[in-house]
4 protein chains.
Amino acid sequence: MAYIEFNALSVYLGGSFSAKVFMPEMDKLQLDDAKHEKRYPVLWLLHGSGGTALDWLRTPVEQCAIDNGIFIIAPDVGHTLCTNMDYGAPYEKYMHDELQGIFRNTFPISDDIEFNWIGGVGTGAYGAAKMIIKHPDIFTRCLIFDGYLDMKKICDRALRDELTGIHHTKASLEAVFGDLNKFMGSEHDIFTLVSDAKSGKFYMTCSKDAENLEEYKVFAELLGDKVTFEIGNQKPEDYVLEETLPKAVNWICETTL
Amino acid sequence: MAYIEFNALSVYLGGSFSAKVFMPEMDKLQLDDAKHEKRYPVLWLLHGSGGTALDWLRTPVEQCAIDNGIFIIAPDVGHTLCTNMDYGAPYEKYMHDELQGIFRNTFPISDDIEFNWIGGVGTGAYGAAKMIIKHPDIFTRCLIFDGYLDMKKICDRALRDELTGIHHTKASLEAVFGDLNKFMGSEHDIFTLVSDAKSGKFYMTCSKDAENLEEYKVFAELLGDKVTFEIGNQKPEDYVLEETLPKAVNWICETTL
Amino acid sequence: MAYIEFNALSVYLGGSFSAKVFMPEMDKLQLDDAKHEKRYPVLWLLHGSGGTALDWLRTPVEQCAIDNGIFIIAPDVGHTLCTNMDYGAPYEKYMHDELQGIFRNTFPISDDIEFNWIGGVGTGAYGAAKMIIKHPDIFTRCLIFDGYLDMKKICDRALRDELTGIHHTKASLEAVFGDLNKFMGSEHDIFTLVSDAKSGKFYMTCSKDAENLEEYKVFAELLGDKVTFEIGNQKPEDYVLEETLPKAVNWICETTL
Amino acid sequence: MAYIEFNALSVYLGGSFSAKVFMPEMDKLQLDDAKHEKRYPVLWLLHGSGGTALDWLRTPVEQCAIDNGIFIIAPDVGHTLCTNMDYGAPYEKYMHDELQGIFRNTFPISDDIEFNWIGGVGTGAYGAAKMIIKHPDIFTRCLIFDGYLDMKKICDRALRDELTGIHHTKASLEAVFGDLNKFMGSEHDIFTLVSDAKSGKFYMTCSKDAENLEEYKVFAELLGDKVTFEIGNQKPEDYVLEETLPKAVNWICETTL
């Protein structure tokens, strides 16, 4: 077990933030590396709205870090949807500019984009996809677990005063995205942005009866040969990160290390 | 040392929240109370914007809980200013309706309002004052440490595009309060609300050279005989909760227990 | 998620101790219980030597607390083997006298022994079995997961200067048990003690190829009709608490609630 | 605030250990250091018996890290007295061989002994003094705060069946040191060892009425010109790390950086 709780100040967020860090044990940390100069690959993981980075502790995330000799860093993202909020903190900038710097200074993680990967579950799937599409300068692999990609559908529900399904209200979605009527085609709409994605490889996975299977299929089609899409045979309630997280991390490591 | 980190779900916040809990050691917990039926007074403490509840660990908060045989509960309040946000979570409702219930179910704290007190530092001073003024049904004592009370002044700075001084931008203040031009006299303006305050006793303290000394004096005048106001002789940079927190908690205990 | 990290002082241990607490969310906490008088059943869980209570976070322990409306409390037990150490802290006394009182004062847990249960994995299995056998006045159900019961076998390995297999050396075992030659038949030898066990029900589970299957069978035989023994069909490396913990907790709840 | 809770496995300890890490914020972390190659000085701090590394949070330890641009690492040392226990874990070896490697691999701390310092309070004062005296190959500065140095005096109390005064019993001291009659002159007796100390500089501080003032004076005399000894004018109950920790850290930084 090598598990770290990290708290620090962010200038962009105007305050403190927290993250959980999972890392290999010392035997993988190559203690014969006398000058301690090795830099490790790093997977950034985003939890879903309504949760916190603590949620990852219920998954085999630590074992994945150990087995593959990588760092896994899970920041708390709150309800920001990994977005430069219209009313609120510029979370996308923070992820892009600040978080990278803070962690590269603090831990022996690689700044080679080949070894910087991102993934997410629930609304974190949307956040991870958006980050790699808009920021191919810092991420080269993306893991999309069962969750939400089509935020336009969510915004439309809010506009119709329906439950959004994602621990967000109309007001809180407006704080994030601004005018919800203008969502489609905006810088937040990954179904539009994805057509410009020139690099990066994606691994998508969900259950065959997942609520959002159709949007996953559409998104996979838009990604074309950039994506490996695994549809699980299990029922949605049996879709668990216990199985899919290790497979997904293996996929990354096999295709990059 | 009896120190607890608490994480749970809030329906109002649409997700997880955290709090730190400080409590007396077992000798004060009256282990001869065979049925474990004793209920303890509780002080709710609010940190300032830009900080977290972790900040309280740097103060003698734990010793105050031990010395006085009380619970002290410090929730993370983020940048909500303890307010039902215009775009965002209804933090005031959560503090009023939900947090009380969750903690009363989980810990042996009193639901007698005589033994429910609130306090804050920085912008938490504003939050604490607002809570007791608007909710005299749940709090009877309020501790106001060096910080901010006059949010209209802050909003005006934001409207003039000046730095707000409180880890908030114009956009983030609008997410909290809505139209900043309409702040004065609104349900968020404690300088207006205070004239209706019928009950509750206040303990205010700041340095003689505090940045906000004038607004503290005005607010104290509005409180009239409901307030005990201590102006410290130290310089602002020497104003520390090491001294003022124990004095303030003593004041509460002397006037209620 | 309702997850608590608890730190307090123990007189018996001569210092601080930590525990993780998992509890039902507020809807199960019966917030309509206006006087907050309900007391919840509690399962005490012991981790194995070499680990900490953090290890439980990797299991569905939280979901078990939620699904069954119970508290689960996992103290850090270090390398004490839940024993009044010959050289060191009286951990058994602490578990029996002090921990119960501290937690009953702090959380709404039942002091009815019908609703106080204990379980363990690894060397925690030994600790849990010992506690219920020697202290039927405080526990009525015991969960024994894959692990170690026959400490005499371990002590004999140490006496032969072999690896013990349990993150203990000969010296550290002597600190716990005293003279290892005198272990058999001592107050630490649960294979002797078990014949006096008059009450309590046990649920034992391990893999069909478990290293210690034989000692589990012997122990189950000694327990007679007090035990429900489930031998899993999985390979040892696939034996995981993901499956067995929820089944075991269900067994308790079905037979007591 | 940059505050880290660290958990990892130790081979020497046969299990998990915890530490708290305090570090400078990002502006001091030189984010213009494009290759993230800077290595920071590090102060290792040892808490007293009966406490945990959490105790340091009540001191200005974080501010000291920020003000001086250094890492401060506070491991949990339990009741080991920083000693290779006679019955138990080889804590001195762990501090010397393993902890250094683990943290140098994980954080950007210097392996230059000029920038590796150690300090302690309570029984941690004894531990810190012992580490630098016996291991001048890894530490060059030592901070000794109010506490205990003369373990022979403590052992003699235990042999006379008196209270030891340090959260240790005769049995637990024997687990640490072995035969207490043989303590004097042993490898644990720093009053003997100190005469061989060839390098390292010490900063000692205690109150003018401290319980152990006399042993501090004797130890300071033995250290000769290697020590700076500050006797505070405050009463023992007013001796607080709030004042002395920053002064002591300043002393280190002024004499080394």
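Residues numbered from 1 in each chain as written. Chains lettered and ligands numbered in written order. Predicted model: local features only at pLDDT ≥ 70, side-chain atom pairs only at ≥ 80, totals over all residues. Heavy atoms only, no water.

Participant: How should I be thinking about the relation of the copies chain D and chain A in this particular structure?
Facilitator: These two copies of the chain differ by a rotation about an axis and a displacement along the same axis. For the pair chain D and chain A, the relating rotation is 180°, the translation along its axis is 0.0 Å, and the fit reaches an RMSD of 0.0 Å. The superposition operator between the copies reduces to a two-fold rotation axis. When the interface residues of chain D are mapped onto chain A, 100% of them again fall at the interface, so both copies present the same face. (Least-squares fit on C-alpha atoms with pLDDT ≥ 70 in both. Contact = heavy atoms within 4.5 Å.)

Participant: Looking at this model, I keep getting lost on the interface of chain D and chain A. Mind explaining?
Facilitator: Bring the parts together and some accessible area is lost; that lost area is often taken as the interface size. If you look at the interface, chain D gives 30 residues, while chain A gives 30 residues. Across the chain D-chain A interface, the total number found is 0 salt bridges. On the surface where chain D and chain A come into contact, there are 3 residue pairs in polar contact (both at pLDDT 80 or more). Counting residues per element, the ones that place at least two in the side of chain D that touches chain A are β1 (3-10) and α2 (91-106) of chain D. Here the residues of the side of chain D that touches chain A are counted per class, giving 15 nonpolar, 7 polar and 8 charged. (Salt bridge = Lys/Arg side-chain N within 4 Å of Asp/Glu carboxyl O. Polar contact = N/O pair within 3.5 Å; in protein donor to acceptor, adjacent residues only side chain to side chain. Helix = DSSP H or I, 4+ residues; strand = E, 2+ residues; numbered from the N terminus. Nonpolar A, V, L, I, M, F, W, Y, C, P; charged D, E, K, R; others polar.)

Participant: Is there a simple way to think about the relation of the copies chain C and chain D in this case?
Facilitator: Structural alignment of chain C on chain D gives an RMSD of 0.0 Å, achieved by rotating through 180° and translating 0.0 Å along the axis. Same-surface contact between copies: 100% of interface residues of chain C are shared with the interface of chain D.

Participant: Is there a simple way to explain the packing of aromatic side chains in this structure?
Facilitator: A ring pair, where both rings are aromatic, is described by two values, the distance of the centres and the angle of the planes. Under the counting rule described, the total for this entry stands at 68 aromatic pairs over all chains. Centroid distance Tyr87(A) to Tyr87(B): 4.6 Å. Interplanar angle 10°. Geometry classified as stacked. Pair noted here: Tyr87(A) is in the loop between β4 (71-75) and α2 (91-106) and Tyr87(B) is in the loop between β4 (71-75) and α2 (91-106), and the two residues belong to different chains. The aromatic ring of Tyr40(A) is capped on one face by Lys38(A), whose charged end is 4.7 Å from the ring centroid. (Phe/Tyr/Trp six-rings, centres within 6.5 Å; stacked < 30°, edge-to-face > 60°. Lys NZ or Arg CZ within 6 Å of the ring centre and 35° of its normal.)

Participant: Looking at this structure, how should I read the side chain of His47(C)?
Facilitator: All names here are of chain C. Residue placement: histidine 47 occurs in the loop between β3 (42-46) and α1 (61-68). Taking relative accessible area as the criterion, histidine 47 reaches 2% and is therefore assigned buried. A polar contact of 3.5 Å, which involves the side chain of histidine 47, links it to the backbone oxygen of glycine 51. A polar side-chain atom of histidine 47 sits 2.9 Å from the main-chain amide nitrogen of valine 77. Leave out the neighbours within four places in its chain, and histidine 47 touches Thr52, Ala53, Trp56, Pro75, Asp76, Val77, Gly78, Val121, Thr123 and Gly124. (Buried < 20%, exposed > 50% of the residue type's maximum accessible area, 1.4 Å probe, protein only.)

Participant: What's the story with the confidence of the model for chain A in this structure? I'm lost.
Facilitator: Reading predicted coordinates in detail is not appropriate for stretches of low pLDDT. Per-chain confidence: chain A averages 92 in pLDDT, with 95% of residues scoring 70 or above. Confidence estimates for the predicted assembly give a pTM of 0.91 and an ipTM of 0.90. (pLDDT = per-residue confidence, 0-100.)

Participant: What is the right way to look at helix α7 (residues 213-223) of chain D in this model?
Facilitator: Side chains of residues three or four places apart in an α-helix project in the same direction, reflecting 3.6 residues per turn. Residue and element names in this part refer to chain D. What α7 keeps buried is the set Leu213, Glu215, Tyr216, Phe219, Ala220 and Leu223. Down the axis of α7, the smallest arc covering the buried residues is 160°, so these residues share one side. For α7, the exposed residues set more than 90 degrees away from the buried face come down to Glu214 and Glu221. On its buried face, α7 is in contact with α3 (123-134), β6 (141-147), α4 (151-159), α6 (190-193), β7 (201-207) and β8 (227-232). Looking at the residues trailing α7, positive phi occurs at glycine 224, about 60°. (Arc of directions from axis to C-beta.)

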